[in-house]
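Summary of the model geometry
Chain by chain, the residues run as shown.
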Amino acid sequence: MSEQPRHSRRYREGLAVRRSVLGDAHVDRAEKASTDFDRPFQELITETAWGNLWARPGWTKRERSMVTLALLAALGHDEEVAMHVRATANTGATREDICEAFLHVAVYAGVPAANQAIKIAKQVFAEMDGETGAK
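Here's a quick rundown of the structure. (Residues numbered from 1 in each chain as written. Predicted model: local features only at pLDDT ≥ 70, side-chain atom pairs only at ≥ 80, totals over all residues. Heavy atoms only, no water.)

**Points about a nonpolar patch on the surface**
Side chains of W59, V67 and L71 sit close together on the surface and give an oily, nonpolar patch of about 290 Å² of accessible area. Along the chain, L71 falls in helix 4 (residues 61-75). (Patch = residues over 30% accessible without salt bridge, like charges linked within 9 Å, V, L, I, M, F, W, Y side chains within 5 Å. Areas by Shrake-Rupley, 256 points an atom, 1.4 Å probe, with all protein chains shown as cover. Salt bridge = Lys/Arg side-chain N within 4 Å of Asp/Glu carboxyl O. Helix = DSSP H or I, 4+ residues; strand = E, 2+ residues; numbered from the N terminus.)

Structure follows, in structure tokens:
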């Protein structure tokens, strides 16, 4: 799907940031899978989350990545945790950073939330490292 001229500057900036964090393949899959029903949602998150929030100055992508992971883990958004763990390959957040973020989750949001996030991260790391059948 090609970018339409009707999109705002903030949307275009957001799309560039989204691609830099999640990768072209992920964004291309999301755009290809979008329908008339969910296209407005895709546009909303691209402009708002990526264009208004992630594109702000002041924090690095690494810092935003760690905060995002902590919030997603605390709220139990497992699929998003996995996606953002994968995205750390593009944000500069290290595995040690992720561990620290999840330690904060344990204290401030609960051990079960952190435990689940750590389990997800370990599975994603195993996939990223090319391991199979990792637990």
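**Brief notes about helix 1 (residues 9-22)**
The terminal C-alpha atoms of helix 1, which comprises 14 residues, lie 20 Å apart, in line with the 20 Å expected from a rise of 1.5 Å per residue. Within helix 1 the residues assigned to the buried category are Y11, G14, L15, V17, R18, V21 and L22. After helix 1 finishes, the residue G23 shows a positive phi value of roughly 95 degrees. (Expected span 1.5 Å × (residues − 1). Buried < 20%, exposed > 50% of the residue type's maximum accessible area, 1.4 Å probe, protein only.)

**Digging into helix 6 (residues 95-108)**
With 14 residues, helix 6 ought to run about 20 Å at 1.5 Å a step, and its terminal C-alpha atoms sit 20 Å apart, in line with that. Where helix 6 is concerned, the buried positions are D97, I98, A101, F102 and V105. Each buried residue of helix 6 sits inside an arc of 130 degrees when the element is viewed along its axis, so together they form one side. Of the exposed residues in helix 6, those oriented more than 90 degrees away from the buried face are E96 and V107. Lining the buried residues of helix 6 we find helix 4, helix 5 (78-91) and helix 7 (111-128). In the stretch just after helix 6, G110 is the one whose phi turns positive, near 120 degrees. (Arc of directions from axis to C-beta. Contact = heavy atoms within 4.5 Å.)

**Remarks on the packing of helix 4 against helix 5**
Put simply, helix 4 and helix 5 touch, their axes get as near as 10 Å, and they point 165 degrees apart. Between helix 4 and helix 5, the angle is such that the two are roughly antiparallel. Crossing handedness for the pair helix 4 and helix 5: left-handed. Where helix 4 approaches helix 5, its residues K61, R62, S65, T68, L69, L72 and A73 are matched on the opposing element by E80, V81, H84, V85, T88 and T91. A class-by-class count of the residues in the contact of helix 4 with helix 5 yields five nonpolar, five polar and three charged. (Axes fitted to C-alpha atoms, helices over the stretch in contact; angles between N-to-C directions. Parallel < 35°, antiparallel > 145°, perpendicular 65-115°, else oblique. Left-handed = near helix turned anticlockwise from the far one by under 90°. Nonpolar A, V, L, I, M, F, W, Y, C, P; charged D, E, K, R; others polar.)

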